[in-house]
Amino acid sequence: MVLGCALARVAAGAEAPGYARVAGGSFASSLPVAPGRNEVALEPFLLQRRPVTNAEFLAFAQGHPKWRRGEVPGVFADAGYLAHWSAPLALGPGARPEEPVTRVSWFAARAYCEAQGARLPTWYEWERAAAADETRSDARGDPAWRQRILDWYSRPSSEALPDVGLSPANAWGVHDLHGLVWEWVEDAGSLLAGADSREQGDPDRMKFCGSGALTLEQKENYAVLMRVAMLSSLPAAGTTNRLGFRCARDPEAGAP
Amino acid sequence: MIASLRARALGIALGIALAAGAAATPSDSLYQLEIPLVDQSGRATAFDRERGHPLLVSLFYTSCDFVCPTLVSTLQRLEAELDVPARGRLRVLLVSLDPERDTPEQLARAARRHRVDLARWSLTRASEDDLRALAALLGAPYRRLPDGEFNHATAISLLDAEGRLVARSETLGRLDADFLARLRAATSAPPGD
Amino acid sequence: MRTPARLLALCALSAAACSSPESDPNPLAAPPGTGGSAQGDFGPPQGEAIRAALTSPPAVPPATRRKHPAKVIVELEVRELEQEISEGVKYTFWTFGGTVPGSFIRVRQGDTVEFHLKNHPDSKMPHNIDLHGVTGPGGGATSSFTAPGHESQFSFKALNEGLYVYHCATAPVGMHVANGMYGLILVEPPGGMRPVDREFYVVQGDFYTAGKYREKGFQPFDMQKAIDENPTYVLFNGSEGALTGDRALRAMVGETVRFYVGNGGPNLVSSFHVIGEIFDKVQFEGGTFHQENVQTTLIPAGGAAILEFRLEVPGSYVLVDHSIFRAFNKGALAILKVDGPENKAIYSGKELDAVYLGDRAASLGAVAEAAAADAAGELTREQQIRAGAALYNGTCSVCHQIDGEGLPGVFPPLAGSDYLVADPVRAIGVVLNGLSGKLSVNGIEYDSLMPPMSQLNDDEIANILSYALNSWGNSGPVISADEVRAVRESTARPGGAAH
């Protein structure tokens, strides 16, 4: 069984270097699909094992002038875009090459992934991959898993950012989904949870068609709540110092 | 001598005019997002099709039976508040959240149902990816529900002739006085006209 | 014409029940009082916009002294900081303005507040603010959701006077509040607050750490303890010692002081009391009307109170939450140090400071002598017995009597006790662990309860037993401290037992 898993990982690696395969199936999300419905049907997908680094993003900026600091249109990235780099095409001491790239907007992250023939993961895909700890694909029932994540939240951001990949891989072979940086997802702008979580279940009907703002299930899953809050707090052109991203891909047709 | 000087001056003036006409899209213009659209007559077009005119833009979908009809009637009410010349300068762009089901035929049917003025209105659809980028740009989150309905925030954005966001309103069913004032200003006659 | 006259007569008899159309009160009018928010809008702001002077606790900004509504600009910055919650114990606080509680905001009823919330770029979390003095959705929370490195702005009109809590309302709200994201905003009544000599700003909060109280090192927030409402610390102004020692609040005799006290929670209700003082005036819950002559006032979580009292006597006055274990075991203690001339007529202070030894008068010397001799390794039998006598009197003698005779049928004698003399080592266990149930001493049955005296240390028990075994006709051995220790160690104790 272990050997089979290892082989599957290697196979996925060969198909797309740097990507791990996450299985599809039914997944209970903290963000309901519709009020009262938490089960999401996920297709299998590939997820980058590590967040995108400063070095990788620099290479992208070199090949895509439109996404360089100073040239990127204001509607796609705010004034904080890559502010920690010493120059539009130079990292400098404030941005080590192997650190996850931060201060990038959703538009920029999307453009990077597109340039790799990839895309951003959806929230559900990210949540699925992040539910794992080192040995279990779904560790969310374990209070110790939740507490570890909360412990990271309680340390201030003034500490230096470590390089990617230093923490152990989780059960899917993916690193750093927790404890390093927040990460963009494709539908970050439409998580549709109210910023004031106390008003859950009290939708303003004229504002939201359909069933009103989604309410978050499993309110004790604070790790998720905080991530949703973080992603909802920024517009798509927004950047902030602990928010990076990684890319996802659909498996090649015919791959296992 | 005088004639050649005048000719040169004219040439320079023309050159400047041409350069101005071919100016790059401003950094704060939403038209930086270049996405193809298909309108209700099946014609391929683009998001910046109404460049050069003030534009009201919003997201909707034809099978939406609660807020979207109110959205359309709000847009029409806003238009009705303008005098005829101002209305003539205004354009309206609706982009569907549901490109799968909102085919050009569906869009055309919706246009007829709401009796919109197709000389100035377009009902369009985009690809899913492009739609997400447009929604992000407009600050209009949406989410597809399993029953095919959408959870979406309803906002009307007013862009100037160069695609810059001038005003935004989430008020439906009644007139937003501030937004209307901005709309009047955006559609008023340009100086020298 | 008779009918209207009769009507008027009836009205005169029962004025409340009926009235003519001219005097009919509008049933929708505000009841007597300030009129609440319906009468809180004094019109548009006048004059130049004012930048609010915010203060860090325990200071309070000066009175606005305004007679008209104004536009007030408030700029408040959120910072996530690692600071000491107790000596040697570090905690990551999320703060408004760099302090717990956050900056004090002071405006006047009817002011239009333009609120700027900034989130420092080093923050890890988004934050927002809910001010309890705001009338509007979320108290501002929906309009102020701010990512790190960003700023939000919203405006509100302060329609109601009073003292209000503000706090962060970002999910999960309890965690943001537990990390210190709260403060107070005072909306002055139109006539201003009555002048006093000093004003102070104090906010109580409960804190939840993974480690125990005063366990050193960095302590993360413990979500489960917060859900269980089992705080590790209960503190005034965010840390142990925030308002003690050289950071104690200071005032002078003769002054009238006012405290603006909040309770940020997240969970506990406070029973606020100042030891040695009585609140002359309490605006309970931070509202308009007040109570007088109050010892302890309840401050709900997410609530506040305004207290006033005059200082007549110098000394240190201790502010506590009178759920008293919080004060002495979790840190809910602050000091108001009052200087100035004494006033013996009101409080005499200590009138006599003589040693009161009770039964032990003139005998404590023996204990000291024995202790010294023991330390020198020269403890003699006589010294033990003399020390034991001093200790026995006042402790054991209460039940077993000075002469060791006990109380017939109730407390067994020690004088000539066959039970005692038969097994001195057993006696050690009895003193340490207590004894209950039937026993027979000198042929008489006793069925009493002797409580364990495990708070006595090994030397004390050894000396007491040596005394008992060598007095009143008993001629037994002396007991050594080592023997007592052996018995103590071999006795199982419940977990958490103090001794």
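Preceding this section is the structure that the text describes.
Residues numbered from 1 in each chain as written. Chains lettered and ligands numbered in written order. Predicted model: local features only at pLDDT ≥ 70, side-chain atom pairs only at ≥ 80, totals over all residues. Heavy atoms only, no water.

**Describing the packing of aromatic side chains**
A ring pair, where both rings are aromatic, is described by two values, the distance of the centres and the angle of the planes. The tally for this structure, following the rule as stated, stands at 28 aromatic pairs over all chains. Between Trp-123 of chain A and Trp-126 of chain A, the ring centres sit 6.4 Å apart and the planes meet at 25 degrees, which makes this aromatic pair stacked. Remark: Trp-126 of chain A and Trp-123 of chain A occur in helix H4 (residues 123-130); sequence separation between them is 3 residues, near one turn of the helix. What makes Trp-123 of chain A buried here is its relative accessible area of 1%. The exposure class of Trp-126 of chain A is buried, given its relative accessible area of 3%. Among the aromatic residues, those joined into a ring-pair cluster are Phe-200, Phe-236, Phe-259, Phe-272, Phe-279 and Phe-309 of chain C. Its end group placed over the ring of Tyr-19 of chain A, Arg-249 of chain A keeps NZ or CZ at 4.8 Å from the ring centre. (Phe/Tyr/Trp six-rings, centres within 6.5 Å; stacked < 30°, edge-to-face > 60°. Helix = DSSP H or I, 4+ residues; strand = E, 2+ residues; numbered from the N terminus. Buried < 20%, exposed > 50% of the residue type's maximum accessible area, 1.4 Å probe, protein only. Lys NZ or Arg CZ within 6 Å of the ring centre and 35° of its normal.)

**Focus: the interface of chain C and chain A**
Listed by partner, the interface residues are 34 residues for chain C and 29 residues for chain A. Roughly 2,700 Å² is buried in total at the junction of chain C and chain A, and carbon and sulfur atoms are behind 61% of that figure. Together, Lys-124, Phe-145 and Ala-171 of chain C form the three largest contributors to the area buried by chain C at its contact with chain A, with a combined 25%. The interface formed by chain C and chain A contains 0 salt bridges. Between chain C and chain A we count 6 residue pairs in polar contact (both at pLDDT 80 or more) in total. Those elements giving two or more residues to the side of chain C that touches chain A turn out to be strand E2 (71-86), strand E3 (89-96), helix H2 (173-178) and helix H3 (223-227) of chain C. Residues of the side of chain C that touches chain A, tallied by class, amount to 18 nonpolar, 10 polar and 6 charged. (Contact = heavy atoms within 4.5 Å. Buried area = accessible area lost by both parts, 1.4 Å probe. Salt bridge = Lys/Arg side-chain N within 4 Å of Asp/Glu carboxyl O. Polar contact = N/O pair within 3.5 Å; in protein donor to acceptor, adjacent residues only side chain to side chain. Nonpolar A, V, L, I, M, F, W, Y, C, P; charged D, E, K, R; others polar.)

**As for the interface of chain A and chain B**
With 30 residues of chain A at the contact, the number on the chain B side is 28 residues. When chain A packs against chain B, close to 2,300 Å² is buried across both sides, 61% of that on carbon and sulfur atoms. The tally of links between chain A and chain B comes to 2 salt bridges. Along the contact surface separating chain A from chain B lie 7 residue pairs in polar contact (both at pLDDT 80 or more). Looking at the side of chain A that touches chain B element by element, the count peaks at 3 residues for helix H3 (residues 106-115) of chain A.

**Notes on the side chain of Lys-124 of chain C**
Secondary-structure assignment places Lys-124 of chain C in the loop between strand E5 (112-119) and strand E6 (130-131). Within polar-contact distance, the side chain of Lys-124 of chain C engages the backbone oxygen of Trp-152 of chain A at 2.8 Å.

**Quick look at H3 of chain A**
Counting buried positions along H3 of chain A gives 8 out of 10 residues, so the element sits mostly inside the fold. Every buried residue of H3 of chain A is listed here: Trp-106, Phe-107, Ala-108, Ala-109, Arg-110, Ala-111, Tyr-112 and Cys-113 of chain A. Buried residues along H3 of chain A sit in contact with helix H2 (54-63) of chain A together with helix H5 (128-138) of chain B.

**Thoughts on the side chain of Thr-256 of chain C**
Residues and elements named next belong to chain C. Along the chain, Thr-256 falls in strand E14 (residues 256-265). Under the relative-accessibility criterion, Thr-256 is labelled buried at 19%. Not counting residues within four places of it along the chain, the set of residues in contact with Thr-256 comprises Arg-194, Val-196, Asp-197, Arg-198, Phe-309 and Arg-310.

**Focus on the nonpolar core**
Among the nonpolar cores identified, the biggest contains 177 residues, and Phe-57, Tyr-153, Trp-184 and Phe-245 of chain A, Phe-47 of chain B together with Phe-115 and Leu-131 of chain C are the most heavily contacted of them. Top contributing element to this core by residue count: H3 of chain A, with 7 residues. Excluding residues that lie within four positions of it along the chain, Leu-131 of chain C makes contacts with Ile-105, Phe-115, Gly-139, Phe-154, Phe-156, Val-165, Tyr-166 and Ile-185 of chain C. Ala-242, Val-257, Val-294 and Ala-334 of chain C belong to the second largest nonpolar core, which has 29 residues in total. (Core = buried A, V, L, I, M, F, W, Y, C linked by side-chain atoms within 4.5 Å.)

These figures come from the coordinates and say nothing about function on their own.
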